[in-house]
Amino acid sequence: MADTRRRMWSMVGLLAVATLSSGLLTTTANAADPDTSETKAPPIVGGQPAKIAEHPWVVYLTDTQGNQFCGGTVGRVNKIVTAAHCVSDEKPEAIQVVAGRESKQATDGQVAKVTGIWVHPAYQNANSGADVAVLTLDQELPQPPLAIASKDDGALYQAGKTSTVLGWGATAEGGQASDILQKAEVPVVSDQECQKAYPQYKADAMVCAGLPQGGVDSCQGDSGGPLVVENKLVGIVSTGNGCARPNAPGIYTRVSTYHDDVQAQLGS
Ligand code: ARG
């Protein structure tokens with residue numbers, strides 16, 4: 001994943017020029033590759049430190065050196081639900097899962113090895129949907145799994161519903177990742193609003209969350225982590241135009257759409 005991240009960050013630099021010259025509010029110009037713009041923007045992004053004990057199912061992914069690069073959710077004692085774009089280019093032995101640890105500086109909790117990576121077969125890139133993957137671990141974690149939203153959970157996706165996003169990612173657009181677990185509350189955004197912000201939005205594959213005025217959002221490094229409503233995994237941090245910008249909510253994988261595929265993996 002070192003390569004993936006290097007690629008991602010170098011794209012940030014390359015496309016900053018294009019973004020800046022085309023104007024900051026031209027979401028159409030950015031939409032083809034919404035993660036790649038770079039400007040000064042409000043911090044994560046409106047978050048606050050969170051207790052791992054209250055969110056025991058949230059985990060982070062590291063490379064073999066221990067560098068955190070994505071988040072994830074315990075879906076079963078030995079399975080992690082994450083974003084496909086976090087792991088699709090990786091080999092299992094290149095990824096470790098850290099569970100039960102709030103601070104990257106700490107040594108508590110579990111460090112599990114990955115023995116298998118399932119990427120949704122429809123996945124191509126975050127902008128086209130199916131941004132979901134399941135990791136199999138070499139051990140059973142003591143953390144309780146979080147239930148994943150199903151087709152019957154439409155109510156959890158109602159516009160305005162308060163959702164919670166968690167992660168160890170950047171606390172400002174273009175900024176450093178957080179050492180400690182952060183959480184933020186963001187309202188679910190209607191399909192219509194999200195479609196306005198992102199031409200590539202697909203209502204069956206994605207769900208947006210954020211404030212119209214921006215200021216609260218997930219950000220780089222939070223990818224793969226959970227968006228939670230009423231103790232169910234409704235979304236997976238996927239992409240967005242910058243972080244916490246006005247009229248540019250975060251884009252999350254719509255978990256309910258992929259429930260059956262994911263559940264099959266969790267059961268296997
Ligand atoms: N793709 C990013 C990652 O790999 C997550 C971006 C989320 N962006 C947002 N504005 N919510 O960590």
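Above this text you will find the structure in question.
These numbers were taken from a predicted model, which means no experiment stands behind them. (Residues numbered from 1 in each chain as written. Predicted model: local features only at pLDDT ≥ 70, side-chain atom pairs only at ≥ 80, totals over all residues. Heavy atoms only, no water.)

What follows covers the overall build of the chain. Scanning the chain for helices and strands turns up 5 helices and 14 strands. Within the span of the chain, comprising 268 residues, buried residues form 54% of the whole. Accessible surface, the chain: about 11200 Å² in total, of which carbon and sulfur atoms supply 52%. (Helix = DSSP H or I, 4+ residues; strand = E, 2+ residues; numbered from the N terminus. Buried < 20%, exposed > 50% of the residue type's maximum accessible area, 1.4 Å probe, protein only. Areas by Shrake-Rupley, 256 points an atom, 1.4 Å probe, with all protein chains shown as cover.)

Read around the closed barrel, 6 strands run E2-E3-E4-E7-E6-E5, paired in antiparallel fashion. Sheet twist, expressed as the mean angle between neighbouring strand axes with direction ignored, is 40°. Of the pairings in the sheet, the one linking strand E3 (residues 68–76) to strand E4 (residues 79–82) comprises 3 bridges and is antiparallel in character. If you follow Arg76 over to E4, its bridge partner there is Lys79. Contacting E3, E4, strand E6 (110–119) and strand E7 (133–137), helix H5 (residues 259–267) runs over the sheet at an angle of about 155° to E4. (Pairing = 2+ DSSP bridges. Axes fitted to C-alpha atoms, helices over the stretch in contact; angles between N-to-C directions. Contact = heavy atoms within 4.5 Å.)

Not every positive phi belongs to a glycine, and Ala130 is a case in point at roughly 55°. Summarising the element assignment, Ala130 is placed in the loop between E6 and E7. A relative accessible area of 3% places Ala130 in the buried class. One non-glycine residue with positive phi stands out, namely Ala244, at about 65°.

Attention now goes to the nonpolar core. Within the largest apolar cluster, 68 residues are counted, with the highest numbers of intra-cluster contacts made by Leu61, Ile80, Val97, Tyr198 and Val262. Excluding its chain neighbours within four sequence positions, the residues that come into contact with Ile80 are Val59, Gly72, Thr73, Val74, Gly75, Val97, Ala133, Val134, Leu135, Leu137 and Leu141. Core analysis: the next-biggest nonpolar cluster, separate from the first, contains 5 residues, Val45, Ala170, Cys219 and Cys243 among them. (Core = buried A, V, L, I, M, F, W, Y, C linked by side-chain atoms within 4.5 Å.)

This part is about H5. Along H5, the residues that are buried comprise His259, Val262 and Leu266. The buried residues of H5 occupy an angular sector of 75° when the element is viewed end-on, so they sit on one face. Here the buried face of H5 lies against E3, E4, E6, E7 and strand E8 (147–148). (Arc of directions from axis to C-beta.)

Right, let's talk about the state of the cysteines for a bit. Per the counting criterion, the structure on display carries 3 disulfides. Note on cysteine connectivity: Cys70 is disulfide-linked to Cys86, with sulfurs 2.0 Å apart. One quick way to see it: the torsion about the S-S bond of Cys70 and Cys86 is about -85°, and its sign makes the bridge left-handed. Of the two residues, Cys70 is situated in strand E3 and Cys86 in helix H3 (residues 84–87); the sequence distance between them amounts to 16 residues. Summarising the burial analysis for this pair, Cys70 and Cys86 share the class buried. What connects to what in the chain, once the bonded cysteines are numbered by sequence position, is 1-2, 3-4, 5-6. (Disulfide = S-S within 2.5 Å.)

This part is about the environment of Leu146. Locating Leu146 in the fold gives a position in the loop between E7 and E8. Classification of Leu146 by relative accessible area gives buried; the value is 5%. For the pair Leu146 and Val58, spaced 88 residues apart in sequence, the C-alpha separation works out to 8.7 Å. Leu146 has contacts with Trp57, Thr73, Val74, Gly75, Val228, Asn231, Lys232 and Leu233, leaving out every residue within four places of it along the chain.

Burial along strand E11 (residues 206–209) is two-sided: the face carrying Met206 and Cys208 and the face carrying Val207 and Ala209 are both buried. Pairing analysis gives 2 bridges linking strand E10 (residues 182–189) to E11, with the strands arranged antiparallel. Bridge pairing links Val189 to Cys208 in E11. As judged from the 4 bridges shared by E11 and strand E14 (residues 250–254), these two strands associate in the antiparallel manner. Each bridged residue has a counterpart across the sheet, and for Ala209 the counterpart in E14 is Gly250.

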